[in-house]
Amino acid sequence: MENRRFFLFAVFGALLFFTYQTWKKDYPAPVVQEQAAAVQSAPVATSGDALPAAPAAGASPAPLPETLANSGARIEVVTDRLTIEISLAGGDLRRAQLTGYPLSKTNPNEDLALLDDRAPHYFILQSGLASTEKPLISAETQFTAPAARFVLAEGSDVLEVPLSVADSNGLVLKKTYSFKRGSYQIALLQSVENRTDKDLQASPYARLQRTPVSAGYEAPFSQTFIGEGFYEQKEPGSYRFKKISFDDLRKEPFETTQTGGWLAMLQHYFVAAILPPSDEQATFSGKPSTVKGYLAQYHGPLKTVAAGQSASYTTQFYVGPKLQGLLDDVAPGFELTEDYGILAPIAKPLFWLLKKAHQYTGNWGVAIILLTLLVKGAMYKLSEAQYRSMARMKKFTPRIQEIRERFAGDREKLNKAMMELYTKEKFNPLAGCWPMLVQFPVFIALYWVLNESVELRQADFALWLTDLSAPDPFYLLPVLFGASMWLQQKLGGQMATMEPMQQRMMQFMPIALTAFFAFFPAGLVLYWFVSNVISIAQQWYITKKIENEPAKVLAKK
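Residues numbered from 1 in each chain as written. Predicted model: local features only at pLDDT ≥ 70, side-chain atom pairs only at ≥ 80, totals over all residues. Heavy atoms only, no water.

(A) The overall build of the protein, seen in detail. Along the backbone of the protein there are 11 helices and 21 strands. Within the protein, the fraction of its 557 residues that count as buried is 52%. Of the contacts formed within the protein by residues at least 6 apart in sequence, a portion of 68% connects residues at least 24 apart. Counting only carbon and sulfur atoms, one obtains 58% of the accessible surface of the protein, whose full area is about 25,400 Å². (Helix = DSSP H or I, 4+ residues; strand = E, 2+ residues; numbered from the N terminus. Buried < 20%, exposed > 50% of the residue type's maximum accessible area, 1.4 Å probe, protein only. Contact = heavy atoms within 4.5 Å. Areas by Shrake-Rupley, 256 points an atom, 1.4 Å probe, with all protein chains shown as cover.)

Written out as structure tokens, the structure reads:
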């Protein structure tokens, strides 16, 4: 009885877990009311949220306006990884397409735009300089560029894109973006030359602004995090990765000053981040925008630029996929954006095995099957204990039914008789629970590996399964999963000892999970189906082995 209850609790716990994820997706955080008509409206510099004050004694940068739309001229930058549009109004990144990551399987010729200033997925990266009196570089600053299109040449590893303002009230302002071959990192060097007769204080800033709408297709019933990620300093030399949903940000904005760290906007598979110098003091903040969406903002320290002198400021950005192993060297702690949560110590080795299997097979679906075989093989001894317990329970089914019928009206005597049976025959009905409990973290870690790994996005398998990150278009895999679950129930024989209500619940379970998994990514359902098939084979083998044990003992005698 305890074994059955544990199983039911585990199944219903999993159902509640996935139902909660779906509910969060169907009822996302409310979007802040926009104060502008549409993204395509004429450019208006709206007085809005000021960037946080930089850490300087007695001085802080001037507030910076937010700009919803930007119709200024743009230049195009093309590398082997990115295609970017930079507006000459402010020198901001208004669009960034990721080469080799199609928008969808049905639209393979258009690359996904992680940054985009077109509705509904509004997501831009602004940057500039601010003095204590006024913004030096803002969305109203008009830059010039030596060309309208920059392309990373064959044989070249670095592409630099210079923008400049010849004279702005006695100041010469420059922005230089640097792109590297094979990289999603972007370096920004900003400089100011003070040609006035007064000293100037200036600091760099950067701002990510977006709406809570993901770029690209998202499978239903596969809720993933979208919001801000912050590498927070707890004490000198000690940091932690903190995720803040847009809903939480709306309720409780944050602002903090620390040395090092970074700030990012996260979504399924992809991340855009502001990466200041790790040895400089920085102010980070996050909050709803008064214009559109939400803000993740950085402000660096103020520097004094004496009359006739110049100063420069460096900021790094990352705009790209959360590729395993690629993020480790981007910034300290940046690999934590590969969001496996508290199960990361289990999930990362599992992904390593999955990647190795893919290197040998060239097919992510086959790699999932091989990984399932490896995991089930490693867990065989635990599974054996579980199935042995189930086989022994099946063996004593007639006696359990007889006891249940005899004490149908007396729960106390029923429990006492069941305990006497367990003691006499020397078996523990909970023996099948503990192996399941030990395996549960591994299965959940596998779920996150298959759900979070961008490497599996739009991956082909075979036949009709052309996208393992999307639901099975013909629902055949969920049906096979349901059939395998029904067969497991029949092979286990545990339903015969259940009460009528429990039997009906168990009979309904394969149907309910089939309907539920019909909307899950095919890669996840493939794993569960293959796992069930292996479990059926293990269960059949162990059951037959136990059934033949008395005959072997007699033969030896």
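(B) Geometry of the pairing of strand β21 (residues 310-321). Two strands pair when backbone bridges link them, and strand β11 (residues 185-194) and β21 are joined in this way by 9 bridges, in the antiparallel orientation. For Val192, the partnering residue across the bridge sits in β21 and is Ala311. Judged from the 6 bridges that link them, strand β17 (residues 270-275) and β21 form a sheet pairing that is antiparallel. Bridged to Val271 within β21 is Gly320. (Pairing = 2+ DSSP bridges.)

(C) Seen up close, the pattern of salt bridges. In total, this model carries 14 salt bridges according to the counting rule given. One salt bridge connects Glu76 with Arg149, and the closest N-O pair in it is separated by 2.7 Å. Here Arg149 lies in strand β8 (residues 149-151) and Glu76 lies in strand β3 (residues 74-78), a separation of 73 residues in the sequence. Residue classification places Glu76 among the partly exposed residues on the basis of a relative accessible area of 28%. The closest approach of N and O atoms between Arg195 and Glu193, which form a salt bridge, is 3.3 Å. Each of Arg74, Glu85, Arg94 and Asp117 takes part in one network of salt bridges that share partners. (Salt bridge = Lys/Arg side-chain N within 4 Å of Asp/Glu carboxyl O.)

(D) The sheet that holds strand β14 (residues 238-245), seen in detail. Ordered by their spatial adjacency, 8 strands build an open sheet running β9-β10-β11-β21-β17-β16-β13-β14, and the pairing between neighbours is antiparallel. The sheet is open, and its two edges are formed by β9 (158-165) and β14, each paired on a single side. Neighbour-to-neighbour, the strand axes of this sheet turn through a mean angle of 20°, independent of strand direction. (Axes fitted to C-alpha atoms, helices over the stretch in contact; angles between N-to-C directions.)

(E) Quick peek at the confidence of the model for the protein. Chain-level statistics for the protein give a pLDDT mean of 78 and a share of 75% at 70 or above. Overall, residues 1-10 carries pLDDT values under 50, and its contacts beyond four positions in sequence, including any with other chains, amount to 25 contacts. With pLDDT under 50 throughout, residues 17-58 is counted as low confidence; its partners more than four residues away or in other chains account for 95 contacts. (pLDDT = per-residue confidence, 0-100.)

(F) Representation of the nonpolar core in the model. Ile84, Val161, Tyr177, Ile186 and Phe334 are the most contacted members of the largest nonpolar core, which totals 74 residues. The dominant element in this core, judged by the number of residues it contributes, is β17, at 6 residues. Residues contacting Tyr177, with those up to four places away along its chain left out, are Ile86, Gly91, Asp92, Leu93, Ser127, Leu159, Glu160, Val161, Leu163, Ile186, Ala187 and Leu188. Counting residues in each nonpolar core, the second largest holds 42 residues, with Ala357, Leu465, Phe517 and Val530 among its members. (Core = buried A, V, L, I, M, F, W, Y, C linked by side-chain atoms within 4.5 Å.)

(G) Structural context of helix α4 (residues 364-378). Over its 15 residues, α4 extends 21 Å from the first C-alpha to the last, a length consistent with the 21 Å expected when each residue adds 1.5 Å. Among the residues of α4, those classed as buried are Trp364, Gly365, Ala367, Ile368, Leu371, Thr372, Val375 and Lys376. Buried residues of α4 fall within an arc of 165° about the axis and therefore sit on the same side. With a side-chain oxygen positioned 2.7 Å from the backbone nitrogen of Gly365, the residue opening α4 is Asn363. (Expected span 1.5 Å × (residues − 1). Arc of directions from axis to C-beta. Polar contact = N/O pair within 3.5 Å; in protein donor to acceptor, adjacent residues only side chain to side chain.)

(H) View of the environment of Gln258. With respect to the helices, strands and loops of the structure, Gln258 is situated in strand β15 (residues 254-259). Among the residues examined, Gln258 registers a relative accessible area of 3% and is labelled buried. Distance in space between the C-alpha atoms of Gln258 and Glu280 is 8.4 Å, their sequence separation being 22 residues. Those residues in contact with Gln258, other than ones at most four positions away along the chain, are Phe230, Tyr231, Glu232, Gln233, Tyr239, Glu280, Gln281, Ala282 and Phe284. A polar contact of 3.0 Å, which involves the side chain of Gln258, links it to the backbone nitrogen of Gln233.

(I) Region of the structure containing the pairing of β9. Every second residue of β9 is oriented toward a common face, the buried set being Leu159, Val161, Leu163 and Val165 and the non-buried set Val158, Glu160, Pro162 and Ser164. Here β9 pairs with strand β10 (residues 171-180) via 8 bridges, running antiparallel. Residue pairing in the sheet places Ser164 in a bridge with Lys174 of β10.

(J) Representation of the packing of aromatic side chains in the model. Counting across every chain of the model gives 14 aromatic pairs. Through pairs of rings, three or more aromatic residues link up here, namely Tyr184, Tyr231, Tyr239, Phe241, Trp262, Tyr318 and Phe334. In this structure, Arg210 is placed above the aromatic ring of Phe123, and the distance from its NZ or CZ to the ring centre is 4.5 Å. The aromatic ring of Tyr313 is capped on one face by Lys303, whose charged end is 4.9 Å from the ring centroid. (Phe/Tyr/Trp six-rings, centres within 6.5 Å; stacked < 30°, edge-to-face > 60°. Lys NZ or Arg CZ within 6 Å of the ring centre and 35° of its normal.)

(K) Geometry of a nonpolar patch on the surface. The grouping of Trp352, Leu353 and Leu374 at the surface amounts to a nonpolar patch, some 310 Å² of accessible area in total. Take Leu374: it is sitting in helix α4. Among the residues examined, Leu374 registers a relative accessible area of 49% and is labelled partly exposed. (Patch = residues over 30% accessible without salt bridge, like charges linked within 9 Å, V, L, I, M, F, W, Y side chains within 5 Å.)

(L) Layout of unusual backbone geometry. Its identity as a non-glycine residue notwithstanding, Tyr269 has a phi of 80°, on the positive side. With respect to the element layout, Tyr269 can be found in the loop between β16 (263-267) and β17. Residue classification places Tyr269 among the buried residues on the basis of a relative accessible area of 5%.

(M) Broad picture of the side chain of Thr211. Tracing the sequence through the fold places Thr211 in the loop between β12 (200-210) and β13 (227-235). Here Pro120 takes part through its backbone oxygen, which lies 2.9 Å from a polar atom of the side chain of Thr211.

(N) Molecular detail of the packing of helix α3 (residues 344-361) against α4. For the pair α3 and α4, the least separation of the axes is 8 Å and the interaxial angle reads 130°. Regarding the angle of α3 to α4, the classification is oblique. Both α3 and α4 take part in a crossing whose hand is right-handed. Each of Leu350, Leu353, Leu354, Lys355, Ala357, His358 and Thr361 in α3 lies in contact with α4, whose residues at this interface are Trp364, Val366, Ala367, Ile368, Leu370, Leu371 and Val375. (Parallel < 35°, antiparallel > 145°, perpendicular 65-115°, else oblique. Left-handed = near helix turned anticlockwise from the far one by under 90°.)

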